[in-house]
Amino acid sequence: MRTRSSDKKTRSGSPDRTLDEQKRFVVPELGEVISLEDDAFARSLYHHLFSESAITDFLRKSRSYSLSQRRWKLPRSYHKLLDNDFFTPFRNVFSSILAHFWNESTTQGLREIVDTHNVGLPHREADSITHFSTPSFVIRAKGPSFQLFCGNAAGNLADTAFSNVASCIDIQVTDKDVHVQEQLMRVAIYARQIFIQQPNRRFVRLLILSGEHFRLFHFDRSGVQHTPYINFHDDPHTFVRIILGLSSPDESDVGLDTSIQWTIENERKAGGTLRTRKHDGQEIIYPLSDVEPFFFRGCIRGRATICWSVRDPVTGEELVVKDSWRSEDRFPEHIYLQDASGIQGVAQMVSCEPERGATRALRGFVDSPPSFHNRIESRIVMKTYGKSIRSFTSVMQLLCALRDAIAGHMNLYKKGTLHRDISIHNVLFGKPAAKPGCRGVLIDLDMAIRYLTDGSNQTANCRIGTRLYQSIAVLSSGKVRCPLPHDHLDDLESFFYIFVHIFFVCDAQGQSYPLPEMLSEWDEQNAGVAAGLKEALLARRFLPPEVEERWPTPCLDLFNDLRVYLSSLARKKQELNYSKPEARADKAKELADNVDQHYSHVLQLFDRAIDILNQAETKTHGATGLDQAPAIRPTSTSLLLPQLLNLPPLQRHIPRNLTVAR
């Protein structure tokens, strides 16, 4: 199979405004586009469905294909097609293939060719519908992974949507040659919506027909590859096999993970199960607690993390199943979770399937092209915990959760593992009535490293982590000739930025407030800008009055004490960052050797604030007035800092990949 990389930049000036709006979603998700130079990939697919002789027999008998003329019965003149019904001849060809091969009682009615060139298929973005797409045809599907689309609060259902299609086929409605990048943009929009609306999708394959040729596009978590044009008149066997594969009643053929299945009632998902393996290798089937995942990164390329809530079939215990696609060159998360076994304040693993598949296999690569980045599919079952700390309802709840998560981070670090992706979404509340040590839990070790063995040689990288919470040293790493390794101080600083985020967007009871405009630049893709803004925050000795008046004195003291302590450490790291490696070795080692002191001091600051809050509650016999009437500290000026990004609570679908690293 011959391949080449194509320029992923798209041509400008598209007359389709909706298409242009959608490009901003899909262009960053495609990565390096693999352009296959021959038809080997297309010709290799779906031979298990029907034999060559069975397809020959169909072509001999079909009213849609002339064996003597070696062509499908489509008008030869493009203009003649335009003058009449352009789409009907193609629909007749597709329908004849499905009717001939999928004619058994077990397969009839499961797949249907539907003309959708005048039908808007609704998109889903962060639980809202803002766009529609109109593929020429879709293969509408019924089965345990498909359901009708529910588009509004009234419960109105759409007969045809990306939630119940096996594939899409676009017919090029022009007699002019259309650049492959313009074709790619259209089908990428379809593929992205299929991934979003069918959360157990592993890959998506789509067709474009132009003139007398077809081109197959394959999307997976490594990105996209496409075939060259293949003449569907000259190679009818491959064409028929592709149509059969895209319409196969076997959901694994069309790219679905059949270990997750739903029961369908009135063409909507009503319940479901997830099949995996226990730690001893035995198969176990968990009932789904909800038919939808509670966390989902709606993207084409990347880790594509999806989290499901399930119940133990014997004990009824709630558990979490995390599916993701890690980059082949990254250490698997389950190894770090094994290291975390028994550590309070860190998520606990129940079982795992570390290698469920690979994108290399989905593409049929024997020798991968240099520009291809293989990803490995994994499934991890973990204990369940509470919501993100962003959903706190009291100061005590917030501080205890942050404190225990930091202690968990410390104990994990002492065992040799560094997290490297501290964010508001990766710190959860413990279970209800959790004991001290378990009131906050650190999750998501995808970006972790074993710093004792591989961390010393891995310099900090501003592409690893969540931009809003990255430390100054990590943000500056792109501009430093020899940046220091990412270490525990960077993660402690990230914990502080979680605190900053909450301070600016909430009051002491967790209620949201309008944000000062400028702090959104903390999420700036320009890492240098974000670093400078955080340096400004650490240098300031005051908070905006509207922020101060929302928080009690112990919290304000904690905020300032953390700022003073961490600013000193951040300044030392930056001085070393810009020093030559040979000149900084001793001071860098001295800083690293004080790890116990660093953690101890931060935890003591939290413990002191928690003790003061406890004493106040005791004096008032459990009254919550301290939280409800925070002390007001006068200030003469407002904090001139950019506005912190208003991250919403964890949603079922997160369209934007909040984690920078791929």
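Residues numbered from 1 in each chain as written. Predicted model: local features only at pLDDT ≥ 70, side-chain atom pairs only at ≥ 80, totals over all residues. Heavy atoms only, no water.

(A) Geometry of the overall build of the protein chain. Of regular secondary structure, the protein chain possesses 19 helices and 27 strands. Relative to its full complement of 662 residues, the protein chain shows a buried share of 56%. Contacts spanning at least 24 positions in sequence make up 73% of the contacts within the protein chain whose residues lie at least 6 apart. Accessible surface, the protein chain: about 28,000 Å² in total, of which carbon and sulfur atoms supply 49%. (Helix = DSSP H or I, 4+ residues; strand = E, 2+ residues; numbered from the N terminus. Buried < 20%, exposed > 50% of the residue type's maximum accessible area, 1.4 Å probe, protein only. Contact = heavy atoms within 4.5 Å. Areas by Shrake-Rupley, 256 points an atom, 1.4 Å probe, with all protein chains shown as cover.)

(B) Here's a closer look at the sheet that holds strand β17 (residues 268-277). Pairing in this open sheet of 3 strands is antiparallel, and the strands run β16-β17-β18 from one edge to the other. Taken across any chain shown, the strands that pair with only one partner, and hence form the sheet edges, are β16 (260-265) and β18 (283-287). Geometrically, the sheet is characterised by an average inter-axis angle of 25° between neighbouring strands, direction not taken into account. With 6 bridges joining them, β16 and β17 adopt antiparallel strand pairing. Residue pairing across strands places isoleucine 264 opposite lysine 269, the latter belonging to β17. (Pairing = 2+ DSSP bridges. Axes fitted to C-alpha atoms, helices over the stretch in contact; angles between N-to-C directions.)

(C) Structural detail: empty space enclosed by the protein. Scanning the entire structure with this criterion turns up 7 cavities of 30 Å³ or more. Quantified by volume, the largest cavity comes out at close to 110 Å³. Lining the largest cavity are 13 residues, and of these Pro199, Arg201, Ile306, Trp325 and Glu377 sit closest to its centre. At the level of elements, β20 (306-311) and β21 (318-327) are the ones that each hand at least two residues to the lining of the largest cavity. Within the lining of the largest cavity, the residues separate by chemical class into 6 nonpolar, 1 polar and 6 charged. (1 Å grid on protein atoms, 1.4 Å probe; cavity = no way out; pocket = protein on both sides within 12 Å on 5 of 7 lines; lining within 4 Å. Points joined across faces, edges and corners; volume = space filled by probe spheres on them. Nonpolar A, V, L, I, M, F, W, Y, C, P; charged D, E, K, R; others polar.)

(D) The sheet that holds β21, seen in detail. Within the open sheet, the 5 strands sit side by side as β19-β20-β21-β23-β22. Their pairing is antiparallel. In this open sheet, the two strands that pair with only one neighbour each are β19 (295-296) and β22 (349-358). Of the pairings in the sheet, the one linking β19 to β20 comprises 2 bridges and is antiparallel in character. By the bridge assignment for β20, phenylalanine 295 is matched with cysteine 307.

(E) Quick peek at the pairing of strand β14 (residues 223-226). Both faces of β14 are covered, namely the face carrying Gly223 and Gln225 and the face carrying Val224 and His226. With 2 bridges connecting them, strand β2 (residues 33-36) and β14 associate as parallel partners. Among the inter-strand pairings, isoleucine 34 is bridged to a residue of β14, identified as glutamine 225. Pairing of strand β13 (residues 213-220) with β14 involves 4 bridges; the strand directions are antiparallel. Across the sheet, aspartate 220 pairs through a bridge with glycine 223, a residue of β14. The turn linking β13 back onto β14 is made up of 2 residues.

(F) Looking closely at the pairing of strand β8 (residues 137-141). Most of β8 is tucked away: 4 of the 5 residues are buried. Relative to β8, strand β5 (residues 111-115) is paired through 5 bridges, and the arrangement is antiparallel. Bridge pairing in β8 places arginine 111 opposite alanine 141. Note: β8 against strand β11 (residues 165-171), 4 bridges, orientation antiparallel. Bridging from a neighbouring strand, phenylalanine 137 pairs with isoleucine 169 of β11.

(G) Seen up close, helix α6 (residues 180-197). Taking 1.5 Å as the rise per residue, α6 with 18 residues should run 26 Å; its terminal C-alpha atoms sit 26 Å apart, in good agreement. For α6, the tally of buried residues reaches 16 of 18 residues, placing the bulk of the element in the interior. (Expected span 1.5 Å × (residues − 1).)

(H) Looking closely at helix α7 (residues 236-246). In terms of burial, α7 is a largely internal element, 11 of the 11 residues being buried. Among the residues of α7, those classed as buried are Pro236, His237, Thr238, Phe239, Val240, Arg241, Ile242, Ile243, Leu244, Gly245 and Leu246.

(I) Looking closely at the packing of helix α3 (residues 52-61) against helix α5 (residues 88-101). At their nearest, the axes of α3 and α5 sit 11 Å apart, and the two run at 125° to each other. Considering the angle they form, α3 stands oblique to α5. Note on packing geometry: the crossing formed by α3 with α5 is right-handed. Along the contact surface, α3 presents Ala54, Ile55 and Phe58, while α5 presents Ser96, Ile97, His100 and Phe101. Among the residues forming the contact of α3 with α5, the class breakdown is 5 nonpolar, 2 polar and no charged. (Parallel < 35°, antiparallel > 145°, perpendicular 65-115°, else oblique. Left-handed = near helix turned anticlockwise from the far one by under 90°.)

(J) Broad picture of the packing of aromatic side chains. The final tally for this structure, using the stated rule, is 27 aromatic pairs. Seen in terms of ring centroids, phenylalanine 503 and phenylalanine 559 are 4.7 Å apart; in terms of plane orientation they differ by 25°. Their pairing is stacked. Taken as a pair, phenylalanine 503 in helix α13 (residues 488-505) and phenylalanine 559 in helix α16 (residues 553-577) lie far apart in primary sequence, 56 residues in all. We classify phenylalanine 559 as buried; its relative accessible area is 3%. Put simply, the rings of Tyr65, Trp72, Phe86, Phe87, Phe90, Phe94, Phe137, Phe214, Phe232 and Phe239 pair up and form one aromatic cluster. The ring centre of tyrosine 229 lies 4.1 Å from the NZ or CZ of arginine 215, which sits over that ring. (Phe/Tyr/Trp six-rings, centres within 6.5 Å; stacked < 30°, edge-to-face > 60°. Lys NZ or Arg CZ within 6 Å of the ring centre and 35° of its normal.)

The values reported here are purely geometric and, on their own, carry no functional implication.
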